[in-house]
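Each chain is listed here by its residues.
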Amino acid sequence: MGLSKKSLRTCNKGHHYYKSSDCPICPICEQDRNFNNGFLSTLSAPARRALENNGITTLQQLTAYSEKEILQFHGLGPASLPKLRTVLENNGLSFKR
Ligand SMILES: [Zn+2]
């Protein structure tokens, strides 16, 4: 029920999503924003740069790496690891095992 009222939309980042209301907010962008809010901002600048230099700007991208691999990133020290682990756990995610 109600399915026929939903229409496929595409946000300006190219995400496809279904919405039944007139709300223009893309749920995928919204989720990315929520992830990034508590994530990169809690890190030290060198650690944040280390992740960004490796193309990691979302928690989901972070889950593609193990703790060992993350520690190989230049600028990311062991002190940042518990923070990252906690943020991942808070979002029901974890490092690659
Ligand atoms: Zn989007």
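Residues numbered from 1 in each chain as written. Predicted model: local features only at pLDDT ≥ 70, side-chain atom pairs only at ≥ 80, totals over all residues. Heavy atoms only, no water.

Overview of the side chain of His15
Argument step 1. Take His15: it is sitting in the loop between strand 1 (7-10) and strand 2 (16-19).
Argument step 2. Aside from chain neighbours lying at most four places away, what touches His15 is Arg9, Thr10, Cys26, Ile28, Cys29 and Asp32. (Helix = DSSP H or I, 4+ residues; strand = E, 2+ residues; numbered from the N terminus. Contact = heavy atoms within 4.5 Å.)

Points about the pattern of salt bridges
Argument step 1. This model, assessed by the stated rule, comprises two salt bridges.
Argument step 2. As a salt-bridge pair, Arg85 and Glu67 come within 2.9 Å of each other at their nearest N and O atoms. Of this pair, Arg85 sits in helix 5 (residues 80-90) while Glu67 sits in helix 4 (residues 67-71), and the two are 18 residues apart along the sequence.
Argument step 3. Judged by its relative accessible area of 28%, Glu67 falls in the partly exposed class.
Argument step 4. The shortest N-O distance in the salt bridge between Lys96 and Glu69 comes to 3.4 Å. Placement of Lys96 in the segment after helix 5 and of Glu69 in helix 4 is noted, with a sequence separation of 27 residues between them. (Salt bridge = Lys/Arg side-chain N within 4 Å of Asp/Glu carboxyl O. Buried < 20%, exposed > 50% of the residue type's maximum accessible area, 1.4 Å probe, protein only.)

A few points about the confidence of the model for the protein chain
Argument step 1. Of all residues in the protein chain, 88% have pLDDT values of 70 or greater, and the mean over the chain is 85.
Argument step 2. Confidence scores differ between elements of the protein chain, with helix 1 (residues 27-38) showing the lowest mean pLDDT of 70 and helix 4 the highest of 96. (pLDDT = per-residue confidence, 0-100.)

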